[in-house]
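Descriptive analysis of the structure
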Amino acid sequence: MDQPAISVSGLRKTYGDVQAVDGVTFEVAPGEFYGILGPNGAGKTTTLEIVEGLRRPDEGTAELFGIPSWPRNYELLRRIGVQLQATAFFEKLTAREQIHTFADLYEVPRERADAMLESVGLTEKADVSDTELSGGQAQRLSIACALVHDPELVFLDEPTTGLDPQARRNMWDLLREINAAGRTVVLTTHYLDEAEVLCDRVSIMDAGRILRTGPPAELISELGVKTLEDVFLQLTGREFRQ
Amino acid sequence: MSRSLGGLVPLSRTMVLGLVRDRTAVFFMLIFPLMFLVLFGALFQDTSVSRSPIAQVGDVELLEELPADYRADLDKVVELRRAADLDEALKQVRDGDVAGAIWQDGTTIEVRYSEADGVRAGTVRSVVQTLVESANLAATGQPPTYTIAMDTVEDDSVKPIQFLAPGLLGWAVAMGGAFLSALTLVSMRKTRLLRRLWLAPVRPWAVVAGRVGVTLGLAVVQTAVFLGVAVIPFYGLQLSGAWWLSIPLVLCGSLAFMSIGLIIGAVAKTEEAANGILQVTIMPMAFLSGSFFPADVMPSWLSTIAQVMPLKHLNEALMAVLSRDDSWGTALPVMGGLLLFTAVCTAIAAKLFRWDSA
């Protein structure tokens, strides 16, 4: 069998007296579109940050292509692309300058950056400052920056949050294309319809644990419900949370 | 290492672009202090007493018959104005429009002056007295027994441009260093750009070196512009032999102010907060350190407080190497002190630093 793109076992992370991640284990196969779902505060982002190598786990291991993501490994960083929850841009640069800077940081040709800008439909906005981009445009620029060095594995943390319905559908097409190009994609979201449409497999998280993992259709039939949203609500409960 | 030098090249470029495009930053770090230099330099330029105007009534032989070079000397001190009649001239004296009135009555030179301004009164008295005495001597046909030989010497007192140029430069460098490092820290934490860079093949030292390098570059530009303006003849700063020592001094100063900015950036949660703390830190420091006026006019307890401020030492060392002919002996201890200050502040900032603004 192929080496998994991601292999995570027994991750734990505590902040003060909050157990943010409490024994998370999962694997992602190469080329898979994998989703992590869960209500706010379920530990999705912390899990993702540990897997990416932004945070050190208190316990457990996270390996990408068999290489631990902590400590920082420069060879590994060239093989992964990340889009963080908040779009992180350099100040006072235009969209083109942003992505050119990322191209330079990853030491790939700037033509490649221009091609990425084109593929996310931002060529017309290339000379616009990042502060003048709409929410959807900024997210697409952020994703283009994550893809500029042609990574094998892409992490996307809530890429559609705050987008209007048209921009979300538009983003889905882009994410499908990224996956269709042979890349492994890990996505966190709290839009269940999105996960149902896009993901090969999803894990549903709550309170720092993975409650259930499987292809959306299987989870739906297993629990005898209509949609992934029903699965989600059945597993995480209906009560209002902060 | 690669062509991007671990990310240093692209990061430095984006920082330069970000700085040059930030009009507020360019204004406050370069144009604003420069305006002070241009303005203060012009205001304080001529501190000598202006010529004393004297109202002259009718013809005064003594003045008319003066040789041309005597007359030129006289014109440096007094300005002769014709008055229509005696009443008019005396009125001008009373109103303070002129320092004195002069007219001739037979062989008597009549002079009236106001005692309101002792300096001017003295000038009028002695000028006229000298003229009368030398005219009397000339009338005897005897050669003078005593002659006077006069020349000027460079005095030790501080000309305004000599403390304005280093003082305002020090202030500009302090603002540049502290603002850039504090705001960089706050905004990088807020936009999470630092995290994004952590997940790119960027060496941590390249992020720091890029920021430090760009700030030091700004300090060199500030120095070049300030000295360039101060040495134009209108302002008349005379650079002494070891003036180039101002460059390493400014660089060490810039590092010290960056370290102050690091502490502020580590403490402040928002850019607005950082801005406020920076203002209340840098402005008083600039005043106490003699950036705007000579520090020796301050009461001694304030001078004692100023002793702990890096800007005070930078300003004094800059003044010493720029126009007092001091050299390594003055510059080295100050550079050492500034670097020590940098080390201490950076250590404190590292203790206070938090990755997240929460």
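Residues numbered from 1 in each chain as written. Chains lettered and ligands numbered in written order. Predicted model: local features only at pLDDT ≥ 70, side-chain atom pairs only at ≥ 80, totals over all residues. Heavy atoms only, no water.

Before going further, it helps to spend a moment on the packing of aromatic side chains. Enumeration over the complete set of coordinates arrives at 16 aromatic pairs over all chains. A ring pair is formed by F28(B) and F32(B), whose centres lie 5.4 Å apart and whose planes are at 70°; its orientation type is edge-to-face. With F28(B) and F32(B) both in helix α2 (residues 23-43) and four residues apart, this pair spans about one turn of that helix. Ring geometry for F287(B) against F292(B): centres 4.7 Å apart, planes inclined by 50°, an arrangement best described as tilted. Grouping aromatic residues by their ring pairs yields a cluster made of F27(B), F28(B), F32(B), F36(B), F40(B), W171(B), F287(B), F292(B) and F293(B). Geometry around Y191(A) places R168(A) over its ring, the cationic atom sitting 3.9 Å from the centre. (Phe/Tyr/Trp six-rings, centres within 6.5 Å; stacked < 30°, edge-to-face > 60°. Helix = DSSP H or I, 4+ residues; strand = E, 2+ residues; numbered from the N terminus. Lys NZ or Arg CZ within 6 Å of the ring centre and 35° of its normal.)

Quick look at the environment of P57(A) now. All names here are of chain A. Examined against the element boundaries, P57 turns out to sit in the loop between α1 (44-52) and β4 (59-64). Separated by 106 residues in sequence, P57 and L163 have C-alpha atoms that sit 32 Å apart. Excluding residues that lie within four positions of it along the chain, P57 makes contacts with L11, R12, K13 and I50. (Contact = heavy atoms within 4.5 Å.)

Quick look at the interface of chain A and chain B now. Listed by partner, the interface residues are 32 residues for chain A and 27 residues for chain B. In this assembly, chain A packs against chain B so that about 2800 Å² is buried in total across both faces, 59% of it on carbon and sulfur atoms. Linking chain A with chain B are three salt bridges. Between R13(B) and D104(A) there is a salt bridge, and its shortest N-O distance comes to 2.2 Å. Linking chain A with chain B are 13 residue pairs in polar contact (both at pLDDT 80 or more). Elements with a minimum of two residues in the side of chain A that touches chain B: α1, α2 (74-77), α3 (95-105) and α5 (135-147) of chain A. Ranked by residues supplied to the side of chain A that touches chain B, first place goes to α3(A) with five residues. Residues of the side of chain A that touches chain B, tallied by class, amount to 17 nonpolar, four polar and eleven charged. (Buried area = accessible area lost by both parts, 1.4 Å probe. Salt bridge = Lys/Arg side-chain N within 4 Å of Asp/Glu carboxyl O. Polar contact = N/O pair within 3.5 Å; in protein donor to acceptor, adjacent residues only side chain to side chain. Nonpolar A, V, L, I, M, F, W, Y, C, P; charged D, E, K, R; others polar.)

This part is about the domain arrangement of chain B. Segmenting chain B into domains produces domain 1 (5-45 + 156-352) and domain 2 (52-140). The C-alpha-based centres of domain 1 of chain B and domain 2 of chain B are spaced at 54 Å. (Domains from an automatic or database assignment.)

Now for the UniProt feature "domain: ABC transporter" (unreviewed entry) in chain A. Per the UniProt record, "domain: ABC transporter" (unreviewed entry) is annotated on residues 6-232 of chain A. Between the first and last C-alpha atoms of residues 6-232 of chain A the distance is 24 Å; the span itself is 36% helix and 27% strand. (UniProt positions renumbered as here; feature names shortened; annotations may be inferred.)

In this section: the domain arrangement of chain A. Residues and elements named next belong to chain A. Each assigned domain of chain A is listed with its residue range as follows: domain 1 (1-79 + 151-242) and domain 2 (85-150). A straight line from the C-alpha centre of domain 1 to that of domain 2 covers 24 Å. When the area that domain 1 buries against domain 2 is broken down by residue, the three leading residues are R78, P151 and L174, summing to 37%. If you look at where domain 1 meets domain 2, you find two salt bridges.

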